[in-house]
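# Understanding the architecture of this molecule
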Amino acid sequence: MFDKFLSGNFKLLQNSIESGENVSVFGLGLGEKLALVEDSAFLFYVVASMDGITPIVDKLNALGRTCGVLTQYITPLSDEFDNSQKILEVASQVASGKINTLVLTADVMLGWFPKKDKLKGLEFQVGSQINLTRVISDLVDMNYTRVDLVSEPCQFAVRGDIIDIYPLGQTPTRIETGFDEVESIKIYNPVTMLTTSALDSLTINSNAFVTYDKSKVDEFFLSHKLKFDDTYDRLCTANDFGNLAFAVDSYTNIFGLATGTIVFDGARDIYNKLATSVDEYNAKIKDSKSPLNVIFADCKTTVKDCLKFADNQLVSYQVITEANRLFTPQKVFSIRTLPSMNYYSYNDGLVMDVKNYLSQNYTIFLCVGSAENLPKYRDIFERQNINFVEIKAMGLGVKSSLNLLAKNYPLDVILPEEKLAIISTPSLLGIKKKPENIKCDFFDGELPKVGDFVVHNFHGVGKCLGVETLSLSNSPRDYVVIEYKGADKLFLPVENIDQISKYLGSDKEPTLNKIGGVEFAKTKSKVKS
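Everything quoted here is computed from the prediction, not taken from an experiment. (Residues numbered from 1 in each chain as written. Predicted model: local features only at pLDDT ≥ 70, side-chain atom pairs only at ≥ 80, totals over all residues. Heavy atoms only, no water.)

## Looking at the sheet that holds strand E25 (residues 477-483)
As a reminder, the rule being used: Strands were regarded as paired on the criterion that DSSP finds at least two bridges between them. Secondary structure follows DSSP: runs of H or I at least 4 residues long count as helices, runs of E at least 2 residues long count as strands, and numbering of each begins at the N terminus. Here, two residues are considered to be in contact whenever any of their heavy atoms come within 4.5 Å of each other. As a rule, the C-alpha atoms of each element are fitted with a line to give its axis, helices using only the stretch in contact, and angles between N-to-C directions run from 0 to 180 degrees.
One open sheet holds the eleven strands; their spatial order is E7-E8-E9-E10-E11-E12-E26-E25-E24-E23-E27, and the pairing between them is mixed. The outermost strands of the open sheet, each flanked by one partner alone, are strand E7 (145-146) and strand E27 (500-502). Where helix H5 (residues 132-141) meets the sheet, it contacts E7, strand E8 (155-159) and strand E9 (162-165), and its direction lies at approximately 160° from that of E8.

The structure is reproduced here in structure tokens:
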């Protein structure tokens, strides 16, 4: 983005990274760190702890990257798999390329993750095509067990054109099909078998954390001189949620799920945190309540075991007094930078710094956010008799000049050796509250109110009952609740609000459609004819 204004040590560092060399770097601020890797095909960004993750994720998102965050993991010592749904969801996004950035804490490097071929998932959308035979086959491949009546996670039952399924980490759900199409997706009570609410879509992740190769049971028991007891019978007949038995060759560490660049931000702290986690993990082996996990997985580990990076490029950011114990770099760079300032409501400080930079022949970019903000900065610098250039892209900037860039850029980059100063949009305008990612084209920027009649693109006319926060996938999420004929309810995620519009019929209260789309489709067909 600003390559043409580089010529010194930072340029050499950038060239090394672009050529795929493993490097250690001293002296960078967060802006310079992220600027170096903002174009990475895939980016693993490792930090020592959760402290400070938020600004990193915010800036990466502002750069246009799609980010996931992972601070939890599963190992063979895990007795509970309550968090596995979220872990599998993020791991699947990494492996499938749905996200191109993963920010993770150091201890996640200790975790076991299913290899790419084990991260198969199924997605269902109301109104989409479905092949029931193929779905059954896929569920079996994903280690779901077919039963007559669903009662436990990772079970499913098929009754005619209805699929009852208990997705890992979620709630029992019923998928009703008609011919080759998904007619409805509803949460149901496995005791009463009655549906309670409707969903627009459902994602089912593979039961990849709790599987084992049954064909190796005999071989394993013989090689480990174990008794062929009830444990043997149990492993031969059903999946056991307390075990990761025989699955060692089906797992990888987190870095085996994608190929790109791994950044270690704070090499010493990351290594120390990882070493502590490894010690704690090995200590738990002696006291484990799941001895099968310990025996079957042969899971005692070392820090070295965790430092496997597949084919990824490695970049370490650290201070000059710290050693890099994570990997041996091919090159080491020390870069001089200057700290950024917050100029929001501090125009005098901005003018003073700009004058200082120009006196030293700096190339300056003020990222003012949009063309609407240009008049403010024109006025500031015209009153000070400071010449400037207005540009629409950083590549069009003029060297050794003040450039007003009418775009958002979230990173402050100040490099004295390169005589380059990039002042970010947040540093100029302040950090505003993040807007909710909601499309509200039909409601003038607002969600529908209680009592509003709405028209869903698929289900038709319904009545808004309000907004509820539910935890359907181990994380809270806001839903617009819409009532349909027969008191059926649709729970529409607020981020999908563009799927509904205001009812614009007569003043008379409209008749509600039956959920599922069939009745609404007939109505639309009559109107067209």
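There's more to say after this.
## What about the sheet that holds strand E3 (residues 67-70)?
Taken in spatial order, the seven strands line up as E3-E4-E2-E15-E16-E1-E17 in an open sheet, and their pairing is parallel. Among the strands making up the open sheet, the edge pair consists of E3 and strand E17 (331-334). With direction set aside, neighbouring strand axes in the sheet form an average angle of 15°. Of the strand pairs in this sheet, strand E15 (residues 261-265) and strand E16 (residues 313-318) are connected by five bridges, and their pairing is parallel. Bridging across to E16, Phe-264 finds its partner in Ser-316.

## A few points about a nonpolar patch on the surface
Condition: By definition, no residue in a patch forms a salt bridge, and every one has over 30% relative accessible area; like charges are joined within 9 Å, nonpolar side chains (Val, Leu, Ile, Met, Phe, Trp, Tyr) within 5 Å. Areas reported as accessible are Shrake-Rupley estimates using a 1.4 Å probe. Residue values count occlusion only from the protein chains shown. By salt bridge we mean one thing: a side-chain nitrogen of Lys or Arg within 4 Å of a carboxyl oxygen of Asp or Glu.
Together, Met-341, Tyr-346 and Met-352 make up an exposed nonpolar region whose accessible area comes to about 300 Å². One can find Met-341 in the loop between E17 and helix H11 (347-359).

## Section: empty space enclosed by the protein
The test is simple: Here a cavity is any set of points on a 1 Å grid over the protein atoms alone where a 1.4 Å probe fits but cannot get out, and a pocket is any open set with protein on both sides within 12 Å along at least 5 of 7 lines; a residue lines the site when it has an atom within 4 Å of a point. Grid points are joined across faces, edges and corners, and a volume is the space filled by probe spheres set on the points. For this classification, Asp, Glu, Lys and Arg are treated as charged, while Ala, Val, Leu, Ile, Met, Phe, Trp, Tyr, Cys and Pro are nonpolar and the rest, including Gly, are polar.
Counted by the stated rule, this structure contains one cavity of 30 Å³ or more. Looking at the largest cavity, its volume works out to about 30 Å³. Around the largest cavity sit Asn-9, Phe-10, Ile-335, Arg-336, Leu-415, Glu-417 and Glu-418, which together line it. Among the residues making up the lining of the largest cavity, the classes are represented as three nonpolar, one polar and three charged.

## Remarks on the packing of aromatic side chains
The cut-off we apply is this: For Phe, Tyr and Trp, rings pair up if their centres lie within 6.5 Å, where Trp contributes its six-membered ring, and each pair is then called stacked (planes under 30 degrees apart), edge-to-face (over 60) or tilted (otherwise). We call a residue buried when its accessible area falls under 20% of the maximum for its residue type, exposed when it is over 50%, and partly exposed in between, using a 1.4 Å probe and counting protein chains only.
According to the stated counting rule, one finds eight aromatic pairs in the structure shown. A centroid spacing of 4.8 Å and a plane angle of 55° characterise the contact between Phe-42 and Phe-44, whose relative ring orientation is tilted. Of the two residues examined, Phe-42 and Phe-44, each falls in the buried class. Taking 5.2 Å as the distance between ring centres and 90° as the angle between the ring planes, the aromatic pair formed by Phe-44 and Phe-255 counts as edge-to-face.

## Observations regarding the pairing of strand E26 (residues 489-493)
Among the five residues that make up E26, four are buried, leaving the element largely enclosed by the rest of the structure. Two elements, strand E12 (residues 195-199) and E26, share two bridges in a ladder whose sense is parallel. When the sheet's bridge partners are listed, Leu-199 is paired in E26 with Phe-491. Here E25 runs beside E26; their pairing, made up of five bridges, is antiparallel. The residue bridging Val-480 from the neighbouring strand is Leu-492, located in E26.

## So, the confidence of the model for the chain
Threshold: You can read pLDDT as the predictor saying how much it trusts each residue, on a scale of 0 to 100.
Averaged over every residue, the pLDDT of the chain is 84; the share at 70 or more is 83%. Throughout residues 240-246 the model reports pLDDT below 50, and contacts reaching past four residues in sequence, or to other chains, amount to 36 contacts. Note on residues 433-445: pLDDT under 50 across the span, and 20 contacts to partners over four residues away in sequence or across chains.

## Topic: the nonpolar core
Just so we agree on the cut-off: What is meant by a nonpolar core is a set of buried Ala, Val, Leu, Ile, Met, Phe, Trp, Tyr and Cys residues, joined one to another through side-chain atoms within 4.5 Å.
Counting 67 residues, the largest nonpolar core has Phe-44, Met-109, Phe-124 and Phe-264 as the members making the most contacts within it. Non-local contacts of Met-109, meaning those with residues more than four positions away in its chain, are made with Val-46, Leu-104, Asn-253, Phe-255, Phe-264, Ile-270, Leu-274, Cys-306, Leu-307 and Phe-309. Listed in part, the 38 residues of the second largest apolar core include Leu-28, Val-37, Leu-411 and Leu-420.

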